[in-house]
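Understanding the architecture of this molecule
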Amino acid sequence: AEEALDDALPAILQTVWAAVVMDIDGTMKEVGRKLFKDKSVPWQIRLRRAQAVAKLSEIFAEEGIKAASAQGDAAPTFQNAEAAKAMLQEALMGSVVEKKNKN
């Protein structure tokens, strides 16, 4: 069973990551619509909102680069398959405990 988990782990992580990216993408599109197409405020306010979001994105990008370079990596990744496996097992066990506590 553990060997099967080891073999399946990359596909599981890739699938979960894809789902997270899709969720974030959908959320950001909805936020963008609400921020930038809100006809209840003047266009000047929508413009300021857009400028603020642009500045925020610059800050996030800069901090991401700093964090990646502090880790000595170009992009955040799992240190290795064992660390990813441990994180997955911890998440699964936590969800089992939560479910037991609710019942």
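Residues numbered from 1 in each chain as written. Predicted model: local features only at pLDDT ≥ 70, side-chain atom pairs only at ≥ 80, totals over all residues. Heavy atoms only, no water.

1. A word on the overall build of the protein
Where we set the bar: Only DSSP runs of H or I with at least four residues qualify as helices, and only runs of E with at least two residues qualify as strands; both kinds are numbered from the N terminus onward. Note on classification: 1.4 Å probe, protein chains only; a residue is buried when its accessible area is under 20% of the maximum for its type, exposed when over 50%, partly exposed between these limits. We call two residues in contact whenever any of their non-hydrogen atoms come within 4.5 Å of each other. All accessible-area figures derive from a Shrake-Rupley calculation using a 1.4 Å probe, and residue coverage is judged against the displayed protein chains alone.
For the protein, the count of helices and strands is three helices and zero strands. When the helices and strands of the protein are placed in sequence order, the string is α-α-α. Relative to its full complement of 103 residues, the protein shows a buried share of 8%. Within the protein, counting contacts between residues at least 6 apart in sequence, those at least 24 apart form 40% of the total. Total accessible area on the protein is roughly 8700 Å²; 63% of this is exposed by carbon and sulfur atoms.

2. What about helix H2 (residues 43-70)?
Filter applied, for reference: By definition here, a helix of n residues has an expected span of 1.5 Å times n minus one.
Across its 28 residues, H2 extends 41 Å between first and last C-alpha, which sits within 8% of the 40 Å expected from 1.5 Å per residue. Gly-72 sits one or two residues past H2 and shows a positive phi near 75 degrees.

3. What about the pattern of salt bridges?
Stated precisely, the cut-off is as follows: Throughout this description, the term salt bridge denotes a Lys or Arg side-chain nitrogen within 4 Å of a carboxyl oxygen of Asp or Glu.
Applying the stated criterion across every chain yields a total of five salt bridges. Asp-25 is the salt-bridge partner of Lys-29, the closest N and O atoms lying 3.3 Å from each other. In this pair, Lys-29 and Asp-25 both sit in helix H1 (residues 2-36), four residues apart, roughly one turn of the helix. Among the residues examined, Asp-25 registers a relative accessible area of 38% and is labelled partly exposed. Of the charged contacts, one joins Lys-55 and Glu-58 as a salt bridge, the two residues approaching to 3.9 Å between their closest N and O atoms. Linking Lys-55 with Glu-58, this pair stays in helix H2, spanning three residues, or about one helical turn. On the basis of relative accessible area, Lys-55 is assigned to the partly exposed category, the value being 47%.

4. So, the confidence of the model for the protein
Selection criterion: Note: pLDDT gives the predictor's confidence per residue, expressed from 0 to 100.
Put simply, the protein has an average pLDDT of 81, and 80% of its residues get 70 or more. Of all helices and strands in the protein, the one with the weakest mean pLDDT is helix H3 (residues 81-102) (70), whereas H2 scores best (90).

5. Side note on a nonpolar patch on the surface
Operational definition: Patch membership requires more than 30% relative accessible area and the absence of a salt bridge. Residues of like charge join within 9 Å; the nonpolar side chains Val, Leu, Ile, Met, Phe, Trp and Tyr join within 5 Å.
A cluster of nonpolar side chains, contributed by Ile-12, Val-16, Trp-17, Val-20, Val-21, Ile-24, Met-28 and Val-31, occupies part of the molecular surface with about 710 Å² of accessible area. By secondary structure assignment, the location of Ile-12 is in helix H1.

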